[in-house]
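The chain contents come next:
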Amino acid sequence: MSDKKKYSNIGRSVPRLDAVDKVTGKAVYPQDINLPGMLYGKILWSKHPHAKILEIDTTEAEKLPGVEAIITAKDMPPTKLGFSQDNPPLKGDKVRSLRDEVAAIAAVDEDTAERALELIKVKYKALPAVFDPEEAMKDGAPQIHAEAEGNQNKLHYAFEYGDVNAAKAESDVVVKHRFKLPWVKHCCLAPYSCVASWDGTGKLTMYSPTQIPFLYQRDLANILQIPPSMIRVIQPKIGGAFGSKLDLYPNEVICAVLARKSGRPVMLTYTREEEFKCTPSRQPVIVDIEMGAKKDGTLTFRDVFFILDNGAYTSWGATIPYVLMHSITSLYKCRNIRFDTAIIYTNNIYSGAMRGYGNPQGTFVVERMMDILAEKLGMDALELRLKNCNQPGETTPQGLKITTCGLRECLETVAKRLDWRRKRNQRQKQSGPILHGIGLASFIHVGGGARVYRSDGCGAIVKLDDYGHVTLITGSTEIGTGSETGLAQITAEELGVRTEDVTVINNDTAIKPWDVGIHASRTTFIAGNAARQAAAKVKAKILKTAAELLDEPEDQLDINDRKVYSKRNPEKTSEIGKVIRRAHFREHGETFMAEAFYDPPTEMEDKEYRGNISVTYGFGTQGADVEVDTETGQVRIVKMVIANDVGRAINPVLVEGQLEGGLSMGIGYALLEKLVVEKGEIINPSFLDYKMPTAKDMPPAEIVLVETDDPGGPFGAKGCGEAGTIPTAAAIGNAVANALGFHLFELPMQPEVVLSAIKAQRDKRG
Amino acid sequence: MKDFEYHSPRTLEEACQLLKKYDGKARVLAGGTDLIPGMYRREIAPEQVINLKGIPGLNFIALEESKGLFLGSLVNFNEIIYSPIIEKHYPILKEVSRKIASHQIRNLATIGGNLCNAAPSADSAPVLIALDSAVTLIGPGSKERTLPLEKFFTGPGETALAPGEILVQIHIPLPKPRTGISYIKQMTRRALEIAVVGVTALVQLEKKTEKCSSIRLVIGACAPTPLRVPAAEEILIGKKITDQDIEAAAQAASEAVKPITDVRASKLYRKEMVKVQCKRALEEANSRAQASS
Amino acid sequence: MKHRIKLRVNGQDFEAIVNPKTTLVDLLRDKLGLTGTNKGCGTGECGACTVLMNGSAVNSCLVLAVDAEGAEITTIEGLAHEGHLHPLQQAFVDEGAVQCGFCTPGMILVAKDFLDKNPHPQEEDYKTAISGNLCRCTGYIKIIKAIKRVAESER
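Criteria and thresholds
One numbering rule holds for all chains: residues counted from 1, following each sequence as written. For naming, the first written chain is A and the first written ligand is 1, with later ones following in the order written. Given that this is a predicted model, residues contribute local features only at a pLDDT of at least 70 and side-chain atom pairs are listed and counted only at 80 or more, while totals for whole chains, interfaces and linings are drawn from all residues. Numbering of helices and strands starts at the N terminus; helices are DSSP runs of H or I of at least 4 residues and strands are runs of E of at least 2. Our radius of gyration is a C-alpha quantity, and the globule rule it is checked against amounts to 2.2 Å times the number of residues to the power 0.38. In this scheme the burial state of a residue depends on its C-beta neighbours within 10 Å: 20 or more other such atoms mean buried, 12 or fewer mean exposed, and anything in between means partly exposed; the C-beta positions come from the backbone. C-beta atoms are first placed from the backbone for all residues, and any pair lying within 7 Å is then listed as a contact. Under the grouping applied here, Gly and all other residues not named as nonpolar or charged are polar, the nonpolar ones being Ala, Val, Leu, Ile, Met, Phe, Trp, Tyr, Cys and Pro and the charged ones Asp, Glu, Lys and Arg. Each domain span listed reflects an automatic or database assignment of domains. Following DSSP output, two strands are said to pair if at least two bridges run between them. Axes here mean lines fitted to C-alpha atoms, for a helix over just the part in contact, with angles spanning 0 to 180 degrees between N-to-C directions. Note on terminology: angles under 35 degrees are roughly parallel, angles over 145 are roughly antiparallel, angles of 65 to 115 are roughly perpendicular, and the others are oblique. Should the near helix be turned counterclockwise from the far one by less than a right angle, the crossing is left-handed, whereas a clockwise turn marks it as right-handed.

This part covers the overall build of chain B. Looking only at helices and strands, one finds 11 helices and 14 strands in chain B. What you see for chain B is a C-alpha radius of gyration of 19 Å, in line with the 19 Å of a compact globule of 293 residues. With the principal axes as the frame, chain B shows a C-alpha extent of 60 × 45 × 30 Å. Here chain B holds 293 residues, and 54% of them are scored as buried. If you take every contact in chain B between residues at least 6 apart in sequence, the share linking residues at least 24 apart comes to 64%.

Turning next to the interface of chain C and chain A. Often the size quoted for an interface is simply the accessible area lost on bringing the parts together. If you look at the interface, chain C gives 42 residues, while chain A gives 41 residues. Those elements that place two or more of their residues in the side of chain C that touches chain A are α2 (87–94), α3 (104–117) and α5 (141–153) of chain C. Broken down by element, the residue count for the side of chain C that touches chain A peaks at 4 residues, all from α2(C). Counted by class, the side of chain C that touches chain A contains 21 nonpolar, 15 polar and 6 charged residues.

Here we come to the interface of chain B and chain A. Listed as interface residues are 12 residues of chain B and, on the opposing side, 16 residues of chain A. Ranked by residue count, the leading element in the side of chain B that touches chain A is helix α11 (residues 267–291) of chain B, at 3 residues. Residues of the side of chain B that touches chain A, tallied by class, amount to 7 nonpolar, 3 polar and 2 charged.

We now examine the domain arrangement of chain A. All names here are of chain A. When cut into domains, chain A gives domain 1 (19–26 + 457–598), domain 2 (33–127 + 190–239 + 245–278) and domain 3 (285–450 + 605–765). Using only C-alpha atoms to locate each centre, domain 1 and domain 3 end up separated by 39 Å. On the domain 3 side, the residues contacting the 17 residues of domain 1 number 24 residues. Contributing elements (two or more residues each) for the side of domain 1 that touches domain 3: α14 (483–495) and α15 (523–550). Of the residues belonging to the side of domain 1 that touches domain 3, the class tally is 4 nonpolar, 10 polar and 3 charged.

Across a sheet, strands are paired by hydrogen bonds formed along the backbone, either parallel or antiparallel in direction. Residues and elements named next belong to chain A. Strand order in the open sheet formed by 7 strands is β3-β5-β1-β12-β9-β10-β11, with mixed pairing between adjacent strands. What marks the edges here is a single partner per strand, and that holds for β3 (67–71) and β11 (231–234). Across the sheet, the mean angle separating the axes of adjacent strands is 20° when strand polarity is ignored. The strands that helix α3 (residues 110–119) touches are β1 (39–45), β3 and β5 (101–107); relative to β1, the one it contacts most, it runs at about 30°.

A word on the sheet that holds strand β13 (residues 212–220) of chain B. All names here are of chain B. Pairing is antiparallel in the open sheet, where 4 strands are placed in the order β11-β12-β13-β14. Of all the strands in the sheet, just β11 (179–186) and β14 (227–228) have a single pairing partner and so form its edges. Taken together, the 2 bridges between β13 and β14 define a ladder with antiparallel strand orientation. In the sheet register, Ile 219 faces β14, and the bridge partner there is Leu 227.

For any two helices packed against each other, one specifies the inter-axial angle together with the distance between the axes. Residues and elements named next belong to chain A. At a closest axis distance of 8 Å, the pairing of helix α10 (residues 359–377) and helix α18 (residues 728–740) adopts a crossing angle of 30°. The orientation of α10 with respect to α18, classified from their angle, is roughly parallel. The element α10 and its partner α18 pack so that their crossing is right-handed. The segment α10 lies against α18, with Pro 360, Thr 363, Phe 364, Glu 367, Arg 368 and Asp 371 engaging Ala 729, Ala 730, Gly 733, Asn 734 and Ala 737. Looking at the contact of α10 with α18, its residues break down into 5 nonpolar, 3 polar and 3 charged.

In this section: the pairing of strand β25 (residues 635–645) of chain A. Both faces of the sheet carry side chains from a regular strand, because those side chains alternate between them. Residues and elements named next belong to chain A. Judged by how many residues are buried, β25 sits mostly within the fold: 8 of 11 residues are covered. Sheet topology note: the strand β24 (residues 617–629)/β25 ladder contains 10 bridges and is antiparallel. Paired with Phe 619 across the bridge in β25 is Asp 645. Judged from the 6 bridges that link them, β25 and strand β28 (residues 701–706) form a sheet pairing that is parallel. By the bridge assignment for β28, Val 641 is matched with Glu 702.

Written out as structure tokens, the structure reads:
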């Protein structure tokens, strides 16, 4: 039971700080920027998935009036991008995928830039290409990077705990299956856009929708071979991120170099087609998973092997095992684990971070297998989960220390609202072409930061003006989730003022303190704690000054609704502004500002991937009630139920918004979305053919916020930005299997795929 | 987009003359909802674009007592949806129009444009063919001709329009009493989709005998043009329709279609869905015919 | 050959000389500096560029600027009246219907047109109204809630 204190700001669904700007068209996204003399950049993409570049001839393009700069690999320093440093921003010797950047142009308008691109002549020598990671692993497969033998990326994740072989031998039931999960796209509504502008002294300002302004600053400086202090990153409003802006990508480097060469600001905006073809996707995987249990339902072991199609270059997609391992090792109690990966280069597109960062994939396979295991055990799928449910105070095989944990309550809530007991075993009684089914799935995800870098910190500065108005300068970024509003609420609560008294500044690296970045659902927790700590320091200073003014001991003072008051003599009050002005405008005056840097008490995972990387963990369950039309294969979701342990909802409407948005992404992953890639080419690069959910595809959804009041989080809050999308596909997959009486092992469950499976099952039954 | 010359003629004759003059290099602009994206994607690159919306007399919805409905080719789909005349006398047109694209596109896209674009998956075509619609075309020198809509489509994206001709009017006869019409658009998502398979069934029942006196079955998205299936219709005409008849007709339709495999669906799936949806459309049309007075 | 066009945008008359291939969305954003209208796809598949043209919601990426000659255009910047938000704008703010905000102007304008044309919407009608507007952030739930609130208050 959470401790429901009376808060003035926490738990209130105040409108977000930037809402009015956004509803009136005043919000400025990168593509809205207009700098004097600004040029427009366009990139020339490779025509082959794998080829040597023999010659790039830009002479004709250079002659076109309006072309101000053309760059190729020879205009770039030899440094490379990416986690494996294998991605040159412009390719000089070789192209390895159809989205490789070969040249770029800056011109007076986009039309001229496009016409100039057509005039660049590139001579290629096509090389044999490979598009399947299992083929790419074989001897004799085309070698994509000289230094990666057998197309194996150096990155390799492997984990062992307990004795899997012994546990398998002792299991009463063992199940094993292979799953295949596709490329899906973030589908940010704003196509990727950035602006680069150099001043006369060699300082670069990037207007970027990046989620990692400080790491970006460091990486960009490294690529351009200038000191990081020469780069300023300004973040305009961001039109969707979801992990797509979590790395430094070639287009931003190209933009900066075009600006440097032309001597003018350059804007580089993708078309929607480029957004589909040339930005990273969610990591596709092939998974072999084996699980066992005792007949009483105790989980015995998990043995999991993930093959990652790394694509041509390495971005964050290759590092998702770091996070998906949590679902393998820590979702429900299982004490014998083996986990291994193969991360394989192919001539396909490469993947980046996408909401959930591998956890949607990990959760899908674990939670689908839990249902399959339950079936084989002859046990109810809910009972199996409750039997092995995570508990507060538990330490998991990876060393994750679970503090608060609302998983049991989430499971029971969802089951109740799905009418589990009545509806779970209805299939036998059904007739007609429409079959009904229900299913559920849970998740565990970092909820108190994630120490994936040496620092998981965020800085905050809280400053008060002479009238008691507060400015919070936070290292974190507002990427559209509304987190900055939550931070304002936290700051206001700590200080004893109102949310509307707080302005948040968070979009300029020249002003704001360091933060590692917006990822891992960490912002409310980490930036919130930093804001709270800074606010507490300022508050202490106010109380110290007010003690003098009110002639009351400091320990008797507090602030409520903008007024300092004495607890023992409540009629003694002073408005904050007055306290501040008195301290400011006098001899040896002072002003009120404080900073804090909150870096949580967590550890990085060691070489064996053990370590408590987060202060606390979020949990949740989703349930799906579905109908399958067995004549067409169409799946209709009758309703979804979400129960999520959020610690405390700082702003319930914003939290719901995150869960609802995540849900729609999860529904897309389950039923609709797939990048169709043939020989390295994306053949559905449009909103017409890539089926992102529309309003009509959203079912009724019930959301229950479970508040476990986490002691580590600001006013009890835990992160939940990714929660809404992690277990969705698994819940729907379990519901479809419940309806059909057999299992599908690939996503998305589009009608044709479902119908094929139904027919195959009919043929099997004879 | 490639550059082009833009014309906005004020009379039909002017438009026809321009079209004839630039035959092969010109495209007509009505709603623009197919033309503009096609040009943006560089799939089409006309050198001349001729806007028809400045020409008076092409946007009307008129009901003539005995003859039926006359639609000007520039009527847009929202005008169809919100027309009291159509709601009362041709509710199926409202139903079909609501399945097309989006509210914004329906404010622009015209019935004439939808027909002249001649996509095999066009939503308006199967129903209009089932209703025995006719189209009026006017060419240079005010030469006018009318032909059944069924004969208007000659291939994917191809029509019977001769050089310089413009579609000006669609005539839809009044459905006879006891007519039930159904249009099923099978989609993967629930909106913003081109049909995987589109099926229109029209059933007219004789009052006393309940026998089927008129039948139309038209399939979209499964052949180079919207396809009527006489082989299926023959199974049902003149009979009191049974479930077995519907099953057989659906089977015949499935055998008659020639779908392709594309990014939306495979040809095998489409063939199967034709059977499923023909059955459902015939059942619905039959129920509607029985329910109508 | 360029064309001179005259049109009325948010109550103000404008004249411009345009290349025929300039779309209305580019005219509004680049020539008139009205960047509230957003460009999500350029092909009428996302609804982010929705404006009101002669009162009706259209994808401005599908309209040639030359074809908007003589038209009355309302963009999101023209909806508030003397600093007072339109009820739809206020409802979006109050109901949490805004996240990244990129789809928001298009959503508000199509909702306005839809409610003008459908004063008594049924439950499914709200989804129909915005089915041509993609949103990746909200899952549409609070957007529908906001539009419904306005429809019901206007009854």
